[in-house]
Amino acid sequence: MRTPKLSRILATLAAVTLTALGAVAVNPAPASAAVRNVCYNTSQAGPFASTAVQAASIWNNYTNNINMAQCGSNLMIYYTYGGGSYAQRTSLGNGRVVIDYYQAQQYSPLRIMTHEIGHILGLPDNYNGNCAILMSGGSAGTSCTNPYPSSTEAARVDSLFGFAARSATPAQIFSDSWPAATVVAAGR
């Protein structure tokens, strides 16, 4: 019996190999496997590329049914100056995340990134102000830097990525989970 970590490593190697050969690995795992690849791309993430890699690592460490890897463009990571951070899920594990540079100066960039990726992985916002709940987003305040999903949130992602439940998560746009950034124009 393989451990989830070994399965994740093997799935990543398979996805990277397929990408190097020019194949698109949307879901290279066979129906009997427990791990599904979520291929992301940070080429448009600018200063948040390494933050996206950290957030993917967090999701990999907290879940068993997904392996986030830089192996394709199912999930595109972007950044912008103003307008707010948001996620646009086209289907479970697919879509785009946009990180607002100005918000990331007020809130933890890693918390924002991990939260927005949580939407791509099927989680809704939970505006309860509890810093221990990742999907509470900006409602937990600027002092909250927790980038880790709760055990309930991680279990929900695992449940959604279980093979029987994959088609049940609709496309959706998630915005307004981070209050608008206060931008002070200093000669710009």
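Position numbers for residues count from 1 along each chain, tracking the sequence in the order it is written. Only residues with pLDDT of at least 70 are given local features in this predicted model, and only at 80 or more are side-chain atom pairs given and counted; all residues enter the totals for whole chains, interfaces and linings. No hydrogens and no water enter the side-chain calculation; it runs on all heavy atoms of the structure.

Draft legend 1. Expanded view of the packing of helix H2 (residues 49–62) against helix H4 (residues 109–120). Here an angle of 0 to 180 degrees is reported between the N-to-C directions of two axes, which are lines fitted to C-alpha atoms, with helices fitted over the stretch in contact. Helix numbering and strand numbering both begin at the N terminus, where a helix is a DSSP run of H or I of at least 4 residues and a strand a DSSP run of E of at least 2. It is at 9 Å that the axes of H2 and H4 come closest, and there the two elements cross at 60°. As the angle between them shows, H2 and H4 are arranged oblique. By crossing handedness, the relation of H2 to H4 is classed as right-handed. For the pair H2 and H4, contact is made by Thr51, Ala52, Gln54, Ala55, Ile58 and Trp59 and by Pro109, Leu110, Met113, Thr114, Ile117 and Gly118, respectively. The nonpolar class holds Ala, Val, Leu, Ile, Met, Phe, Trp, Tyr, Cys and Pro. Asp, Glu, Lys and Arg form the charged class, and all remaining residues, Gly among them, are polar. For the contact of H2 with H4, a count of residues per class yields 8 nonpolar, 4 polar and no charged. Oblique is the label for any angle not covered by the other classes, which are roughly parallel (under 35 degrees), roughly antiparallel (over 145) and roughly perpendicular (65 to 115). In a left-handed crossing the near helix is turned counterclockwise from the far helix by less than a right angle, and in a right-handed crossing that turn is clockwise. By the convention used here, residues are in contact when the closest approach between their heavy atoms is within 4.5 Å.

Draft legend 2. Region of interest: H2. By this rule, a helix spans an expected 1.5 Å times one less than how many residues it contains. Taking 1.5 Å of rise per residue, 14 residues should cover 20 Å, and H2 covers 20 Å from first to last C-alpha, within 8% of that figure. The complete set of buried residues in H2 reads Thr51, Ala52, Ala55, Ala56, Ile58, Trp59 and Asn60. Only protein chains enter the accessibility calculation, which uses a 1.4 Å probe. A residue is then buried if its area is under 20% of the maximum for its type, exposed if over 50%, and partly exposed in between.

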